Structure formats: structure tokens, C-alpha cells
Amino acid sequence: TSSFPRMFVQVCLYFYCKCLWRCLKFVVRKLTGQCELQRICYNTKPGAARTMKIEASLKGSKSKRLQTSVNVHPDAIEKTIDDIMELKRINPDINPQLGVSLQACLLQIVGYRNLIAEVEKLRREPYDSENPQHEEMLLKLWKCLKPNSPLKARISKQWCEIGFQGDDPKTDFRGMGLLGLYNLVYFAEWDTEIAQQVLTDSLHPKYSNAWKYLDFNYFFFLSQLSKAEWEKKKFDKAIGYSFAIVGINITDLAYNLLVSGALKTHFYNVAPEAPTLTHFQQTFCYLMHEFHKFWIDEDPLDIMEFNRVREKFYKQILRQLQNPEMALCPHFAASESLINM
């Protein structure tokens, strides 16, 4: 008996979606003289809000041609737009801006799908120490992060200095494959100053920029301490973590945001056309920087709290991305060229 009301509601919703909704759209078109795609493009400003509505409209259409338009090859988008205009009986000469708007939306939709495929390919490709390109990227990571400390050997305990677990980093890339290495190298190469600072902070229980977290009274209190007391007290605030391992973990977080579709909000707002791997890597940089600040603010007791802090951070990012106006605001060097474009 308890399941009957639920079944009744489901049947009503199904009837509404299949029948009443289509009838409503038909009536609105007759009253406005515009199809749903026109109303979206004319009444919704460019960005995630418009693109996501267009995507939902195309996928929910009863026409197979419209449903499959979100899966076409990028080279076929112009032809697809012509087909949509013809199917909807829209005169392109009278509605020239509609074609431009639809093309921009489709480029984003198709580009997002292709980006997932590209990221997935990198994630599935294992690190191969016999591959010179893989080895070159790994050595570049070291040089960018530790420019003044030459690596004494390929197999070395020195790798622990940048947050790998052992003397050969290749074993740490198993979960995310080459994607983890790609992201770390991008962060270290294009946001070198920030990456080096985050690495330095992660190596010490107390972060070097901790003064900004202290209020005046606490500062006065600390100024009265002896040097020995200060050396002990200054390590109380937070604890370090393994930079490279956390980078691979944040790569997994970014990957899940991408595959789940949560990053559509961000990419549709920042990428004027198709989002690319560079957009994804810049998002990784942003997430690394934000997680680092979040970790400090959370002030975990020890590294065993990492999963709790990570999950809380993940939920915070998800909440932000639920806002269709949201663009993860990059404030790091690698994103400045994209913003200026």
C-alpha cells in the first residue's frame, strides 16, 4: 500500500512529461511564434545557463535527429545547425543570430564530451619507465619544483622530497595513469611560484605564510614567547602532506567532477567554444591551490584526516558548481592568458 502513492506519482509525472509537456510547448510556440530553441537563445544570456538548457532541449526532443545532434563530430556542427533550422522551419536569413548561438552551444557540448574522452585516454595510459617521453616529463617535474637541487639518480629517495611514496614515482601513478603526471607537470611548469610554495608548505607542519591567520592579540601573545617556546608553538596550527600524492588525488577529484558533468557549469562559462585539456589542467591548478588553503583552514589533527577534509572540500566545490553563473575564479598565472582571451 505504501508503494501505491509513489507509483501513482510516477505515472502522473510520466504522463506529464510525455503528453502535457509536449502540448504545452506546442501551445507556447503558437502563441510566441518561436520554438523552444529560439526562446532559450533569445531569453537566456550566453554561458552555462543557455548551453545546459539547449543541451537538455535537444536530448529531450522527440526527434532522433535533434537527440543525436549533441554527439556529432565537431566538423559536422555547421551541417547539424542547418539540419536543426530546417527541421524547426526557421528561416536563417530572418534569424541569423540563432544559428550563431546554437553553434557556440554545440561546440561547448560536443567539446565537453570529447574532453572526457581525451582525459579518460590519459587516465587509462599507465606510466612506462621505458618510454623516453614519460621519463622526460617526470624529470621535468623535478626540475620545475626543485631547480636548485639536482636529482642524483633516477631511482632515488629524493623523490620523497616532492611527495612521492618511494624511490621510484612510477608506482604512484597507477590510479590516474599519465593524467596525474600531466597535471602535476602543468602545475609545476605554468604556476611554478605557487607550486613551489605549496610544496614548501606541505613539507613542514607549520606553513610559512601562517602569519595572516593570526589576529593581533594572538600575535602579541606570541611575541612574548621565548624562541624555544615559539619554535614549539608555531608548529601547532597544521600538518603537512605528500605534495605529489595529493596532486594525484586532486586529479582524481577533478576527473570525477568532469565525468559527472559537474564541471559543465564552469567550462560553459569560461570556454567560449569547446573546452580543452588546457582548461581541465587549469582547473586542476585552481583545485590544488584551493585545497591547500582549505587544508590549512580545516587544521586537521594529522594526515589520517585527509579523506574527511577531501570529501568536505569536494562537496563545497559541488555546491559552488550548482550555480549556473559559477565559474571557478582562477587567480593563478596559468589562467591569466585564458581570461585575457
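Residues numbered from 1 in each chain as written. Predicted model: local features only at pLDDT ≥ 70, side-chain atom pairs only at ≥ 80, totals over all residues. Heavy atoms only, no water.

**Digging into the pattern of salt bridges**
Here is the rule: We define a salt bridge as a side-chain nitrogen of Lys or Arg found within 4 Å of a carboxyl oxygen belonging to Asp or Glu. Numbering of helices and strands starts at the N terminus; helices are DSSP runs of H or I of at least 4 residues and strands are runs of E of at least 2. Note on classification: 1.4 Å probe, protein chains only; a residue is buried when its accessible area is under 20% of the maximum for its type, exposed when over 50%, partly exposed between these limits.
Evaluated as defined, the whole model comprises 16 salt bridges. The salt bridge involving Glu 290 is made with Lys 293; its shortest N-O contact spans 3.1 Å. Linking Glu 290 with Lys 293, this pair stays in helix H14 (residues 277–298), spanning three residues, or about one helical turn. Residue Lys 293 is classed as partly exposed on the basis of its relative accessible area of 29%. Ionic pairing is found between Glu 305 and Arg 308, a salt bridge with its closest N-O pair at 2.7 Å. A residue is classified by how much of its surface remains accessible, and Glu 305, at 18% relative accessible area, is buried. One continuous salt-bridge network, built from bridges that share partners, spans Glu 298, Glu 305, Arg 308 and Lys 312.

**Thoughts on helix H12 (residues 243–260)**
Here is the rule: Expected helix span is given by 1.5 Å per residue-to-residue step, counting one fewer step than there are residues.
For H12, which comprises 18 residues, the first-to-last C-alpha distance of 26 Å matches the rise-based estimate of 26 Å (1.5 Å per residue) to within 8%. By the burial criterion, the buried members of H12 are Phe 243, Ala 244, Val 246, Gly 247, Ile 248, Ile 250, Thr 251, Leu 253, Ala 254, Tyr 255, Leu 257 and Leu 258. Immediately downstream of H12, the backbone of Gly 261 shows phi near 95°, a positive value.

**Quick notes on the side chain of Thr 51**
Note the cut-off: Contacts described as polar in this section are N or O atom pairs within 3.5 Å, which, within protein, must combine one atom able to donate a hydrogen with one able to accept it, while residues neighboring in sequence count only if both atoms come from side chains. Contacts: residue pairs with any heavy atoms within 4.5 Å of one another.
Here Thr 51 shows up in helix H3 (residues 48–59). We classify Thr 51 as buried; its relative accessible area is 1%. Only 2.5 Å separates the side chain of Thr 51 from the side chain of Gln 108, close enough to count as a polar contact. Not counting residues up to four positions away in its chain, the partners in contact with Thr 51 are Cys 105, Gln 108, Ile 109 and Tyr 268.

**A closer look at helix H15 (residues 306–321)**
To keep it simple, the criterion reads: Directions drawn from the helix axis to the C-beta atoms are what define this arc.
Look at H15: 22 Å from first C-alpha to last across 16 residues, which is about the 22 Å you get at 1.5 Å a residue. Restricting attention to buried positions, one finds in H15 the residues Phe 306, Val 309, Arg 310, Phe 313, Tyr 314, Ile 317 and Leu 321. Looking straight down H15, one finds that the buried residues subtend no more than 135° of arc, so they occupy a single side. Where H15 is buried, its residues contact H12, helix H13 (264–270) and H14.

**Brief notes about the packing of aromatic side chains**
The following threshold applies: Each Phe, Tyr or Trp ring (for Trp, its six-membered ring) is paired with any other whose centre lies within 6.5 Å, and the angle between the two planes then decides the class: stacked below 30 degrees, edge-to-face above 60, tilted in between.
The final tally for this structure, using the stated rule, is 16 aromatic pairs. For the ring pair Phe 291 and Phe 313, a centre distance of 5.4 Å and an interplane angle of 75° mean the geometry is edge-to-face. With a gap of 22 residues between them, Phe 291 in helix H14 and Phe 313 in helix H15 connect regions that are remote in the sequence. Neither Phe 291 nor Phe 313 differs from the other in exposure class; each is buried. Grouping aromatic residues by their ring pairs yields a cluster made of Tyr 241, Phe 291, Phe 294, Trp 295, Phe 306 and Phe 313.

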